[in-house]
Protein chains: 2
Amino acid sequence: MREVAIIGVGMIDWGELWGKSLREIWAEAALAALDDAGIDRVDLITVGCMSPGLFVGQEHLASLLADEIGMAGVASTRVESACASGSLAFRAGFAEVAAGLSDLVLVTGVEKMTDVDGADATYALGTAADQELEGFHGITFPGLYAMMARVHMAHHGTTSRQLAAVAAKNHANGLLNPHAQYHMRVSIDDVLGSTMVADPLHLLDCSPITDGAAAVVLAPLDKAKDHVGNRTVVKVAGSGLATDTIALANREDLARLRAVELAAERAYVMAGRRPSDIHVAEVHDCFTIAEIMATEALGFFEPGEGGPAAERGLTALGDRLPINPSGGLKSKGHPVGATGVAQIAEITLQLLGKAGQRQVEGARVGLTQNMGGSGGSSTVHILEAV
Amino acid sequence: MREVAIIGVGMIDWGELWGKSLREIWAEAALAALDDAGIDRVDLITVGCMSPGLFVGQEHLASLLADEIGMAGVASTRVESACASGSLAFRAGFAEVAAGLSDLVLVTGVEKMTDVDGADATYALGTAADQELEGFHGITFPGLYAMMARVHMAHHGTTSRQLAAVAAKNHANGLLNPHAQYHMRVSIDDVLGSTMVADPLHLLDCSPITDGAAAVVLAPLDKAKDHVGNRTVVKVAGSGLATDTIALANREDLARLRAVELAAERAYVMAGRRPSDIHVAEVHDCFTIAEIMATEALGFFEPGEGGPAAERGLTALGDRLPINPSGGLKSKGHPVGATGVAQIAEITLQLLGKAGQRQVEGARVGLTQNMGGSGGSSTVHILEAV
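Enquirer: What am I meant to see in the overall build of chain A here?
Expert: Looking only at helices and strands, chain A has 14 helices and eleven strands in total. Summarising its shape, the C-alpha atoms of chain A cover approximately 55 × 45 × 35 Å along the three principal directions. Here chain A holds 386 residues, and 69% of them are scored as buried. When contacts within chain A are restricted to residue pairs at least 6 apart in sequence, those whose partners lie at least 24 apart make up 79%.

Enquirer: What is the right way to read unusual backbone geometry from this model?
Expert: Excluding glycine, residues mostly have negative phi values, and the peptide bonds linking residues are mostly trans. Residue and element names in this part refer to chain A. Of note, the amide linkage connecting aspartate 199 to proline 200 takes the cis form, showing an omega dihedral of 15°. Tracing the backbone shows proline 200 in the loop between β5 (196-198) and β6 (201-202). The phi dihedral of asparagine 324 is positive, around 60°, even though this residue is not glycine. Within the secondary structure, asparagine 324 is located in the loop between α12 (306-312) and α13 (328-332).

Enquirer: Explain the relation of the copies chain A and chain B to me, please; I cannot follow it from the model alone.
Expert: Look at the two chain copies: a rotation about an axis and a shift along it is all it takes to match them. Of the two same-sequence chains, chain A is brought onto chain B (RMSD 0.0 Å, axial shift 0.0 Å) by a rotation of 180°. In short, the pair behaves as if placed about a two-fold rotation axis. Residues of chain A ranked by C-alpha distance from the rotation axis are headed by alanine 99 of chain A, positioned 1.8 Å from it. Taken together, the interface assignments show that 100% of the residues at the interface of chain A recur at the interface of chain B, consistent with an identical surface on both copies.

Enquirer: Would you mind going over the state of the cysteines with me for this structure?
Expert: Working definition: the covalent bond between the sulfur atoms of two cysteines is a disulfide. According to the stated counting rule, one finds zero disulfides over all chains in the structure shown. For cysteine 83 of chain B, which is in no disulfide, the shortest distance to another cysteine sulfur is to cysteine 286 of chain B and amounts to 6.7 Å.

Enquirer: So what exactly am I meant to see when it comes to helix α10 (residues 258-271) of chain B here?
Expert: Side chains three or four residues apart in an α-helix point the same way, a direct result of the helix having 3.6 residues per turn. All names here are of chain B. The first and last C-alpha atoms of α10 sit 20 Å apart over 14 residues, in line with the 20 Å expected at 1.5 Å per residue. Inspection of α10 places Ala259, Val260, Glu261, Leu262, Ala263, Ala264, Ala267, Tyr268 and Ala271 among the buried residues, and these make up the whole buried set. In this structure, the buried residues of α10 make contact with β8 (234-243), α11 (288-297), β10 (365-372) and β11 (377-385). Of the residues one or two after α10, glycine 272 is the one with positive phi, at around 65°.

Enquirer: Looking at this structure, I do not really get the interface of chain A and chain B. What am I missing?
Expert: Accessible area lost upon the coming together of the parts is a frequently used measure of interface size. Taken together, the contact pairs 62 residues of chain A with 62 residues of chain B. Each partner contributes to the roughly 4400 Å² buried at the junction of chain A and chain B, and carbon and sulfur atoms together form 49% of this total. Three residues stand out in chain A for area buried against chain B, namely His60, Leu101 and Thr243 of chain A, and they jointly supply 15% of the buried area on that side. Taken together, the links from chain A to chain B amount to eight salt bridges. Arginine 78 of chain A is the partner of glutamate 80 of chain B in a salt bridge, and the nearest nitrogen-oxygen pair spans 3.1 Å. Between the two partners, chain A and chain B, sit 38 residue pairs in polar contact (both at pLDDT 80 or more). Elements with a minimum of two residues in the side of chain A that touches chain B: α2 (52-56), α3 (61-68), β3 (75-80), α4 (85-99), β8 (234-243) and α10 (258-271) of chain A.

Enquirer: Can you walk me through the packing of helix α6 (residues 141-156) of chain A against helix α11 (residues 288-297) of chain A in this structure?
Expert: Angle between the axes and distance between the axes: these two values describe a pair of packed helices. Residues and elements named next belong to chain A. For the pair α6 and α11, the least separation of the axes is 10 Å and the interaxial angle reads 55°. Viewed along their axes, α6 and α11 adopt a mutual orientation that is oblique. The handedness of the crossing between α6 and α11 is left-handed. For the pair α6 and α11, contact is made by Tyr145, Met148, Ala149 and His152 and by Ile289, Ala290, Ile292, Met293 and Glu296, respectively. Looking at side-chain class alone, the contact of α6 with α11 contains seven nonpolar, one polar and one charged residues.

Enquirer: Would you explain the side chain of serine 331 of chain A in this entry?
Expert: Residue placement: serine 331 of chain A occurs in helix α13. When sequence neighbours within four positions are dropped, the list of residues in contact with serine 331 of chain A reads Asn170, His171, Gly174, Ala180, Gln181 and Tyr182 of chain A.

Enquirer: What is the right way to read the nonpolar core from this model?
Expert: What tends to happen in soluble globular proteins is that the nonpolar side chains get buried as a cluster. Counting 276 residues, the largest nonpolar core has Leu106 of chain A together with Leu106 of chain B as the members making the most contacts within it. Excluding anything up to four places from it in sequence, leucine 106 of chain A contacts Trp26, Ala30, Ala33, Leu34, Val42, Leu44, Ile45, Thr46, Ile69, Ala215, Val216 and Val217 of chain A.

Enquirer: Hey, could you run me through the pairing of strand β10 (residues 365-372) of chain A in this one?
Expert: Residue and element names in this part refer to chain A. With respect to burial, β10 is a largely interior element, eight of its eight residues being buried. Burial along β10 is two-sided: Val365, Leu367, Gln369 and Met371 and Gly366, Thr368, Asn370 and Gly372, pointing in opposite directions, are all buried. With eight bridges connecting them, β10 and strand β11 (residues 377-385) associate as antiparallel partners. Bridge pairing in β11 links asparagine 370 to threonine 379. The antiparallel pairing of β10 with β11 creates a hairpin that spans four residues between the two strands, and glycine 373 there sits at a positive phi of about 60°.

Enquirer: Explanation requested: the pattern of salt bridges in the structure shown.
Expert: Side-chain pairing between opposite charges can occur once the charged atoms of the two side chains come close. In this structure the tally under the stated criterion is 42 salt bridges over all chains. The closest approach of N and O atoms between arginine 258 of chain B and glutamate 261 of chain B, which form a salt bridge, is 3.1 Å. Note that arginine 258 of chain B and glutamate 261 of chain B are positioned in helix α10 at a spacing of three residues, about one turn of the helix. Connected through shared salt-bridge partners, Arg2, Asp103 and Lys223 of chain A make up one network.

Enquirer: Sorry if this is basic, but what is going on with the packing of helix α7 (residues 160-174) of chain B against α11 of chain B here?
Expert: Residues and elements named next belong to chain B. As a packed pair, α7 and α11 sit with axes 8 Å apart at the nearest point and diverge in direction by 95°. As the angle between them shows, α7 and α11 are arranged roughly perpendicular. Note on element contacts: α11 touches α7 through Thr288, Ile289, Glu291 and Ile292, opposite Gln162, Leu163, Val166, Ala167, Lys169 and Asn170. The class makeup of the residues in the contact of α7 with α11 is five nonpolar, three polar and two charged.

Enquirer: Just to check I follow, could you spell out the pairing of β3 of chain A for this structure?
Expert: Of all the six residues making up β3 of chain A, six are buried; the element is thus mostly covered by neighbouring parts of the structure. Residues Ala75, Thr77 and Val79 of chain A of β3 of chain A are buried on one face, and the alternating residues Ser76, Arg78 and Glu80 of chain A, pointing to the opposite face, are buried as well. For strand β2 (residues 44-48) of chain A and β3 of chain A, the ladder comprises five bridges, and the chain directions are parallel. Note on β3 of chain A: the bridge partner recorded for valine 47 of chain A is arginine 78 of chain A. As paired elements, β3 of chain A and strand β3 (residues 75-80) of chain B share three bridges and run antiparallel to each other. Along β3 of chain B, the bridge assignment pairs arginine 78 of chain A with glutamate 80 of chain B.

Enquirer: Even after reading the chapter, I still don't get helix α7 (residues 160-174) of chain A, so can you show me in this structure?
Expert: Residue and element names in this part refer to chain A. Relative to the 21 Å expected for 15 residues at 1.5 Å per residue, α7 spans 21 Å between its end C-alpha atoms, a close match to the ideal helical length. Counting buried positions over the 15 residues of α7 gives twelve, a clear majority of the element. Where α7 is concerned, the buried positions are Gln162, Leu163, Ala164, Ala165, Val166, Ala167, Ala168, Lys169, Asn170, His171, Asn173 and Gly174. Along its buried surface, α7 packs onto α6, α8 (188-193), β6, α11, α12 and α13.

About the thresholds
Residues numbered from 1 in each chain as written. Chains lettered and ligands numbered in written order. Predicted model: local features only at pLDDT ≥ 70, side-chain atom pairs only at ≥ 80, totals over all residues. Heavy atoms only, no water. Helix = DSSP H or I, 4+ residues; strand = E, 2+ residues; numbered from the N terminus. Buried < 20%, exposed > 50% of the residue type's maximum accessible area, 1.4 Å probe, protein only. Contact = heavy atoms within 4.5 Å. Least-squares fit on C-alpha atoms with pLDDT ≥ 70 in both. Disulfide = S-S within 2.5 Å. Expected span 1.5 Å × (residues − 1). Buried area = accessible area lost by both parts, 1.4 Å probe. Salt bridge = Lys/Arg side-chain N within 4 Å of Asp/Glu carboxyl O. Polar contact = N/O pair within 3.5 Å; in protein donor to acceptor, adjacent residues only side chain to side chain. Axes fitted to C-alpha atoms, helices over the stretch in contact; angles between N-to-C directions. Parallel < 35°, antiparallel > 145°, perpendicular 65-115°, else oblique. Left-handed = near helix turned anticlockwise from the far one by under 90°. Nonpolar A, V, L, I, M, F, W, Y, C, P; charged D, E, K, R; others polar. Core = buried A, V, L, I, M, F, W, Y, C linked by side-chain atoms within 4.5 Å. Pairing = 2+ DSSP bridges.

Printed below as a string of structure tokens:
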């Protein structure tokens, strides 16, 4: 298997981008990544996108978007696994380069979510849940995560204040990220005082609806120096994918994210790394409880210790293990198909020492964790500066 | 790069399967392929599906379907490129095995199209066209292919009778395929006498709306013998992907399928094969004109010779180069996400000498060509008996 490096990163400002179309925001991110890599052609494009059919009425993005940047003819494919679509598009590109089927791959993620009204967006997102066991009964994602939070509280004594600490930290980080959707300081009391959406989750425990895109460029590691000279390069050291039942009703333990545990195990084994080797991580904080459960599933903290760790500040910038320096889904935004690629982009910048005010000093090994639905699918990637 | 073999095939009866759900038909095909391969676990599942969001209101299939066959936990991913989704799922699995990331991969395709009414199905399929340049103006796929047919007729003198000959041949082949949606003899005059849908395409020039699923199992070639003993194995010799503008308005020549030409070139180079080496092919006959244009783009016939070749019977079973022995999309049916995988399944059976009454004698090298939209994306795979 060939080793694979990331040689370019493209991020754009995320938000409610009513003046731009899906193809426009995608092209901005794609061209930024190509520019960063210093190339103007690739062998393959991969596109992570959850539901362009329901959000904007357009499928067949792989072809459409290649043409949008003047590359009609190039191989191109779209990958979907709900909110984990972006990282699965990254894995697809990684496999192509690792196999030697493609040399240069433009990995992208995009979602345009604000062109439909709130009810239609909720319906579209709801198709990531099990239609027969969950959707038809009317439950949506805040409700599903609220049930997981309730069980986590019951098993481990996790508190609403601990959940709120995750939101406060990620909004503090987002203030340092010029691309983030929200630039506002949020206190623990702000979270606890915000509207209850699905008990125990308040409005400020939830990630937002976002338009956004992100991109990175992959190349074989042994050819990466041709493109970036003698500068530091980021290598893809480990890649793990896994699933769980998408219906909560079929899970043995709602306080654990089994897909994250399995994906992490696979990625750690492949990279020859342990949780204690990780200097910085981007994890899937679609709701505050998700970040707490993910940090436990990834082995950063023991089960039940994720909440106290967040409240004590261990996951803040400058502390033991900074989590979501980008602001996470909570503050940076969550354009579902783009999120997984943006996580890779953030960790790449961190490992290159290019993360500006939110830089984690000395970060050489980083991790990303991206999740679909209520944990029905998850990926974990481990990146290393070499 | 590791060489990759197909060690199992799963096909089910296709049609209007109103009594079954998407997950049920998928599971039938998936389990049939696993049974054929003699295995009960895989490292990865890939799912080709165009628009489960619009057709049945369910995304996140990769996780849902893994759980449906008792494999929650396994890595799983969904791939989409409109009607080429199935073959892109095959390519995704191929890349994983070739890279050494996965050993055993269950490659699947599925579409459940009859759970919505005709207008909604037309809308869903229409999302494979360019929304801004085509969809918003009201054109649907019969109209797009009719324009291509008109230009082909004008450039090359292709006739309605030649188009009809494709339908007659494929329906004759479909009579020999127990899984086909339609078992009926159709004459050239039947086609010419059927309702005009979009001039010059009659109803019987068009492939139908279908529910269906198909699956194959991949393994490293050097381990394939562990599973199938000393029997003949089918190797994946070549894989080519390409795109074109999805909007017809942006193409230089509507009488050519540029994505098919590029994908074929890439697959032939990889396999070290030429068009004259191919003994049997499954091509994407969503409309009769598409088969004629594809056989030209694949290099089987010179531009303008595809129509006469079909009318003279050169592509019939027992003649020079049998095309679509399965009955093709026209007679076997066209559940869009499943079609590309079913093409691989058919050629695998042909190369193993297991195609029953429709067997192409002595076939050792076969080709599949699967296409998205009006040719906005295409794949070509070359398979060989070894």
